[in-house]
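# A closer look at the structure
Each chain, letter by letter, is given below.
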Amino acid sequence: METIDIQEVVTRDGLQIEDQFVPTEKKIDLINRLSAAGVNKIEATSFVSPKAIPNLRDAEDVMLGIDRKPGVTYTTLIPNVKGAERAAACKVDEVNLVVSASESHNRKNVRKTVEESFSGFSDIASFLTGTGISINGSLATSFGCPFEGSVSEDRILGLINKYLELGADGITLADTTGMATPKQVFELCSKVLHRWPDLPLTLHFHNTRGMGLANVIEGIRAGVTRFDASLGGLGGCPFAPGATGNICTEDLVHMLTFMDYHVRTDLDQLISTANYLETILGHEVPGQVIKAGKITDLHPM
Ligand code: COA
Ligand code: ZN
């Protein structure tokens, strides 16, 4: 039975785009419930400019307030050395660097050229040397950019190589605005894993055009075993027009469980945590399994 790792991003990707600030203690509670449900990795928050992402201005309080469950990797997104310093002070397990594969989205998101981002990453890598904190390199807009359209496979392979040269331990290919097609996912991931067979490769899909779970299946077929997902299907980049939620964690775990994949994450606990998330937010979330129930939840005639 093949094992699939579920990496939860709701308190970063999900909450960054919400209209309202979620109180710190609710964020902490959510993260603790998610680790109890057995997710492999949690992107707890981001150490970015509080002016850019006001909803995550409490990053230190969140990171220092949660229970760190052994075996769970706690990661945080960082854009620069200042972010790395803040993350290291909170003893994160991993930092997640982010650069866009397309110049225009990178400029919108972090106000830098791709080259400038990578030069900053070298400084981050030097700063982190000897701290034991691992580095994941994310490539936003890997499957298409809302401003520029398609991004070539060669460009993606080149950018992965740049990340690996500066010492990244893992790579995430992110589909920031849901432009990836299943065919494209299979082809690109096959090429990446052919070139770097042992690379810890994560896929990060948004379900903007309804292709998210189909993309997961094609990623698995190409050999990928790690997927980011967001509880309730929340999420989106505030610097990309029309961005909508990530693939939904409980919908993903539901599908994989009933396809006989091994996932460490407990589906019932996820569903009850997704219901709790709706009470925190005061609005419905896009996830479907919390509305329809599991395929084994039958009804009286
Ligand atoms: N943590 C906290 N504050 C930070 C910071 C960090 N990692 N990096 C920069 N800042 C602060 C600076 O101290 C400065 O504050 P001041 O105005 O009070 O002096 C301000 O932000 C601007 O700093 P500067 O270095 O000029 O950056 P910028 O204005 O060009 O912004 C980023 C660049 C990357 C810091 C900012 O755009 C950002 O944080 N973006 C978030 C991207 C994101 O999370 N996107 C969604 C996920 S992909
Ligand atoms: Zn995302």
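A brief report on the enclosed structure follows. Keep in mind that this is a model prediction, so the values were computed, not measured. (Residues numbered from 1 in each chain as written. Chains lettered and ligands numbered in written order. Predicted model: local features only at pLDDT ≥ 70, side-chain atom pairs only at ≥ 80, totals over all residues. Heavy atoms only, no water.)

## Structural notes on the site of ligand 1
Threshold: If even one non-hydrogen atom of a residue comes within 4 Å of a molecule or strand, that residue is called near it. Counted as a polar contact is a pair of N or O atoms within 3.5 Å, where, for protein atoms, one must be capable of donating a hydrogen and the other of accepting one, and residues adjacent in sequence contribute only when both atoms are in side chains. In this description a helix means any DSSP run of H or I spanning at least four residues, a strand means any run of E spanning at least two, and both kinds are numbered starting from the N terminus. Any residue outside Ala, Val, Leu, Ile, Met, Phe, Trp, Tyr, Cys, Pro, Asp, Glu, Lys and Arg is labelled polar, Gly included; the first ten of those are nonpolar and the last four are charged.
Neighbouring residues of ligand 1: 18 residues in total, closest Ser 49, Lys 51, Asn 80, Arg 86 and Asn 109. In this structure, an oxygen atom belonging to ligand 1 sits 3.0 Å away from a side-chain N or O atom of Arg 111. Among the elements of the structure, helix 1 (10–16), helix 4 (81–89) and helix 5 (103–110) are those that each provide at least two residues to the shell around ligand 1. Tallying contributions element by element places helix 4 first for the shell around ligand 1, with three residues. Of the residues in the shell around ligand 1, the class split is eight nonpolar, five polar and five charged.

## Let's talk about the packing of aromatic side chains
Counted only if it meets this: Aromatic rings from Phe, Tyr and Trp, with only the six-membered ring used for Trp, were paired whenever their centres fell within 6.5 Å, and each pair was classed as stacked if the ring planes differed by under 30 degrees, edge-to-face if by over 60, and tilted otherwise. Charge-over-ring contacts are defined here by two conditions on Lys NZ or Arg CZ: a distance within 6 Å of the ring centre and an angle within 35 degrees of the ring normal.
Scanning the entire structure with this criterion turns up four aromatic pairs. Measuring from ring centre to ring centre gives 5.1 Å for Phe 118 and Tyr 163, while their planes differ by 65°; the resulting arrangement is edge-to-face. Residue Phe 118 is located in helix 6 (residues 114–128), and its partner Tyr 163 is located in helix 7 (residues 153–165); the two are separated by 45 residues in the primary sequence. Each ring, one from Phe 143 and one from Phe 205, has its centre 5.9 Å from the other, and the planes form 50°; the classification is tilted. Placement of the pair is Phe 143 in the loop between strand 5 (134–140) and helix 7 and Phe 205 in strand 7 (residues 201–205), with a sequence separation of 62 residues. An aromatic cluster is present here, built from Phe 118, Phe 121 and Tyr 163 joined pairwise through their rings. For the cation-ring pair, Lys 162 lies above Phe 118, with the distance from its terminal atom to the ring centre recorded as 5.5 Å. Taking NZ or CZ as reference, Arg 221 lies 4.0 Å from the ring centre of Phe 186, over its face.

## Considerations on the pattern of salt bridges
Two side chains bearing opposite charge may form a pair once their charged atoms approach each other closely. Heads up, the rule is: Every case where a carboxyl oxygen of Asp or Glu lies within 4 Å of a side-chain nitrogen of Lys or Arg is listed as a salt bridge. Think of it in three bands: with a 1.4 Å probe and only protein chains considered, a residue is buried below 20% of the maximum accessible area for its type, exposed above 50%, and partly exposed in between.
Counted by the stated rule, this structure contains 13 salt bridges. With a shortest N-O distance of 3.6 Å, Arg 33 and Asp 29 are connected by a salt bridge. Residue Arg 33 and its partner Asp 29 are both found in helix 2 (residues 24–36); the two are separated by four residues, about one turn of the helix. Here Asp 29 falls in the partly exposed class, since its relative accessible area comes to 27%. Notably, a salt bridge pairs Lys 162 with Glu 115, separated by 3.5 Å at the nearest N-O pair. You can see Lys 162 sitting in helix 7 and its partner Glu 115 sitting in helix 6, a full 47 residues away along the chain. Three or more residues are tied together by salt bridges with common partners; here these are Arg 12, Asp 13 and Glu 43.

## Quick look at the packing of helix 4 against helix 6
Rules: Here, axes are lines fitted to C-alpha atoms. For helices the fit covers the stretch in contact, and angles between N-to-C directions go from 0 to 180 degrees. Throughout this description, any angle smaller than 35 degrees is read as roughly parallel, any larger than 145 degrees as roughly antiparallel, any in the 65 to 115 degree range as roughly perpendicular, and the remainder as oblique. The crossing is said to be left-handed when, going from far helix to near helix, the turn is anticlockwise and less than a right angle, and right-handed when the turn is clockwise. Here, two residues are considered to be in contact whenever any of their heavy atoms come within 4.5 Å of each other.
Between helix 4 and helix 6, the least distance of the axes is 9 Å, while the angle of their chain directions is 25°. Considering their axes alone, helix 4 and helix 6 lie roughly parallel with respect to each other. Of the two elements, helix 4 crosses helix 6, and the hand of that crossing is right-handed. When helix 4 is examined against helix 6, the residues Val 81, Ala 84, Glu 85 and Ala 88 are found in contact with a partner set consisting of Gly 120, Asp 123, Ile 124 and Phe 127. Broken down by class, the residue content of the contact of helix 4 with helix 6 amounts to five nonpolar, one polar and two charged.

## A closer look at the packing of helix 6 against helix 7
Where helix 6 meets helix 7, the closest approach of the two axes is 11 Å, and the angle between their N-to-C directions is 20°. Taken together, the axes of helix 6 and helix 7 are roughly parallel relative to one another. Handedness of the crossing formed by helix 6 with helix 7: right-handed. Across from Val 114, Glu 115, Phe 118 and Phe 121 in helix 6, the residues of helix 7 making contact are Arg 155, Leu 159, Lys 162 and Tyr 163. Along the lines of polarity and charge, the residues of the contact of helix 6 with helix 7 split into five nonpolar, no polar and three charged.

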